[in-house]
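Observations on the three-dimensional arrangement
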Amino acid sequence: LWLVEGADRYDDETLAASQRVATDLAEELYRLQQIERDERDREADQVHGLLSGSEGGQPNGLAATNLYGVMVIGLRLPANVSRPAGLDVRLTAAVDRGRRSIQSRHQLASITPDKAVVVVAAASAGELESHAEVLLSATVRELTDLGGTEPIIGVSEPVSRPRELARAHEQAELAVSLASVVPTLPPLVTWRWLGPLGLIGQLLGDRDPARLIPVPIQRLVDAADGETLLTTLEAYLEHAGDAADTAAELFLHRSSLYKRLHRIERLAEVDLRSGNDRLQLHVGLILWRVVGSGRARTRHRN
């Protein structure tokens, strides 16, 4: 409580009364903080119950609607940068800002020191994605002073019943996990957008992807110009073997592209006309991106 004195200084009686008022205000503020903390704890418990499948029927804290989804807010950090302190406070502010853009009882959140998990009820898939964009914008705003720290959000497929939210949570967690290590992914990743990358992430489980990188990709990684060759191969496969589109994306003359492709075939001992070889290489590139997250991200940003 600040008192601004004018020409006449406050007398002892006024100062004593002000001190009593300040004490009362402090107690009231503490009471309100405790109420808010208890409400957040109850909300987090509801989220945990929903995502663990222990909630039966329609949960009290979440409105009944057409669709539900799970969003996980995390960070993509530059190499050698530690997770910032007080992240949970900033995530709480971002989630609260997003809450103001949605109807009452249409969002529940659980916030931990390193991420936020948000359950959303909506009328359509478009509404879920729009809310994810609002949350991303709010999180960017809260973290704007942390240089190089990029917020990311993984968004599940929408589900029609609350009891399916456990599966949706797995999707959102995997999406944000992949976005945190694969530099080519956007900061807002929906499960549907991940496509085969999401499938590969599911198949990997807890296994080390480094042990699964196929030998042809490893040969290219070990080459002196490996980064260039891998980027060329990635673009070529993404364009379904269309040399003109690949050359245009890489700003290469087509003859230069063909030289690189022949070098790739020779080093990796593959035939790019073979469907099996192309499939193995494409999957291997995805694994390489996941394994080489720190190294790939550093090179990508330089």
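Sequence order as written defines residue numbering, which begins from 1 separately in each chain. For this predicted model, a pLDDT threshold of at least 70 governs which residues receive local features, and a threshold of 80 or more governs which side-chain atom pairs are given and counted, while totals over whole chains, interfaces and linings are taken from all residues. Heavy atoms throughout the structure, all of them, feed into the side-chain values; hydrogens and water do not.

1. Structural notes on the packing of helix H7 (residues 215-222) against helix H11 (residues 275-291)
For helices, the fitted line uses only the C-alpha atoms of the stretch in contact; every axis is such a line through C-alpha atoms, and the angle between N-to-C directions lies from 0 to 180 degrees. Counting from the N terminus, the helices are DSSP H or I runs at least four residues long and the strands are E runs at least two residues long. Relative orientation of the contacting elements H7 and H11 amounts to 55°, with a least axis distance of 8 Å. One element, H7, and the other, H11, form an angle in the oblique class. The handedness of the crossing between H7 and H11 comes out as right-handed. Facing Pro 216, Ile 217 and Val 221 of H7, the residues of H11 in contact are Gln 280, Leu 281, Gly 284, Leu 285 and Trp 288. Three classes are used: nonpolar for Ala, Val, Leu, Ile, Met, Phe, Trp, Tyr, Cys and Pro, charged for Asp, Glu, Lys and Arg, and polar for all others, with Gly counted as polar. By residue class, the composition of the contact of H7 with H11 is six nonpolar, two polar and no charged. Note that the term roughly parallel is reserved for angles under 35 degrees, roughly antiparallel for angles over 145, roughly perpendicular for angles of 65 to 115, and oblique for everything else. A crossing counts as left-handed when the near helix is turned anticlockwise from the far one by less than a right angle, and as right-handed when that turn is clockwise. Contact definition: two residues touch when any of their heavy atoms are within 4.5 Å.

2. Things to note about the side chain of Ser 18
Locating Ser 18 in the fold gives a position in helix H1 (residues 12-52). If we skip the residues at most four places from it in the chain, Ser 18 touches Leu 1 and Leu 3.

3. A few points about the confidence of the model for the chain
The pLDDT score gives, residue by residue, the confidence of the prediction method on a 0 to 100 scale. Summary statistics for the chain give a mean pLDDT of 87 and a share of 94% for residues scoring 70 or more. Per-residue pLDDT stays below 50 along residues 293-302; that stretch engages in 18 contacts with residues further than four places along the chain or on separate chains.

4. Structural notes on the packing of helix H8 (residues 226-238) against H11
Where H8 meets H11, the axes come as close as 10 Å, and the angle between the chain directions of the two elements is 125°. The angle between H8 and H11 places the two elements in the oblique class. For the pair H8 and H11, the crossing hand works out as left-handed. Side by side, H8 and H11 meet where Glu 227, Leu 230, Leu 233, Glu 234, Leu 237 and Glu 238 of the first sit next to Arg 278, Leu 281, His 282, Leu 285, Trp 288 and Arg 289 of the second. Of the residues contributing to the contact of H8 with H11, the split by class is six nonpolar, one polar and five charged.

5. A look at the sheet that holds strand E2 (residues 107-111)
Strands are treated as partners if at least two bridges between them are detected by DSSP. Strand order in the open sheet formed by five strands is E2-E3-E1-E4-E5, and the pairing between neighbours is mixed. Two strands lie at the open edges of the sheet, namely E2 and strand E5 (188-190), each paired on one side alone. Neighbouring strand axes in the sheet, compared pairwise and without regard to direction, differ in orientation by 20° on average. The strands touched by H1 within the sheet are strand E1 (67-76), E2 and strand E3 (116-122), with E2 carrying the most contacts at an inclination of about 100°. Packing of helix H2 (residues 87-99) onto the sheet brings it into contact with E1, E2 and E3, and relative to E2 it is tilted by some 175°.

6. Section: the nonpolar core
For this analysis, a nonpolar core means a set of buried residues of the types Ala, Val, Leu, Ile, Met, Phe, Trp, Tyr and Cys, connected via side-chain atoms within 4.5 Å. For every residue, the accessible area (1.4 Å probe, protein chains only) is compared with the maximum for its type, and the residue is labelled buried under 20%, exposed over 50%, or partly exposed between those bounds. By size, the foremost hydrophobic cluster in this structure holds 53 residues, and its most contacted members are Val 70, Val 119, Leu 165, Leu 185, Leu 194, Ile 217 and Leu 233. Sort the elements by how many residues they give to this core and helix H4 (residues 165-181) lands first, with eight residues. Apart from residues no more than four positions distant in its own chain, Leu 185 is found in contact with Arg 76, Leu 178, Ala 179, Trp 193, Leu 194 and Leu 197. Formed by 22 residues, the second largest nonpolar core is a distinct cluster that contains Leu 75, Leu 77, Leu 91 and Val 120.

7. Overview of the pattern of salt bridges
Definition used for salt bridges: Asp or Glu carboxyl oxygen within 4 Å of a side-chain nitrogen of Lys or Arg. Taken as a whole and assessed by the stated rule, the structure comprises 15 salt bridges. Residue Glu 28 pairs with Arg 31 through a salt bridge whose shortest N-O separation is 2.6 Å. Here the residue Glu 28 and the residue Arg 31 both occupy positions in helix H1, the gap between them amounting to three residues, near one helical turn. Judged by its relative accessible area of 33%, Glu 28 is partly exposed. Overall, the relative accessible area of 43% leaves Arg 31 in the partly exposed class. A salt bridge links Asp 225 to Arg 263, with the shortest nitrogen-to-oxygen separation between them at 3.0 Å. On the criterion of sequence distance, the pair formed by Asp 225 in the loop between H7 and H8 and Arg 263 in helix H10 (residues 254-268) is long-range, its members being 38 residues apart. By relative accessible area, Asp 225 is classed as partly exposed at 27%. Given a relative accessible area of 27%, Arg 263 falls into the partly exposed group. Overlapping salt bridges, with partners in common, bring together Glu 36, Arg 40, Glu 43, Asp 96 and Arg 99 in one network.

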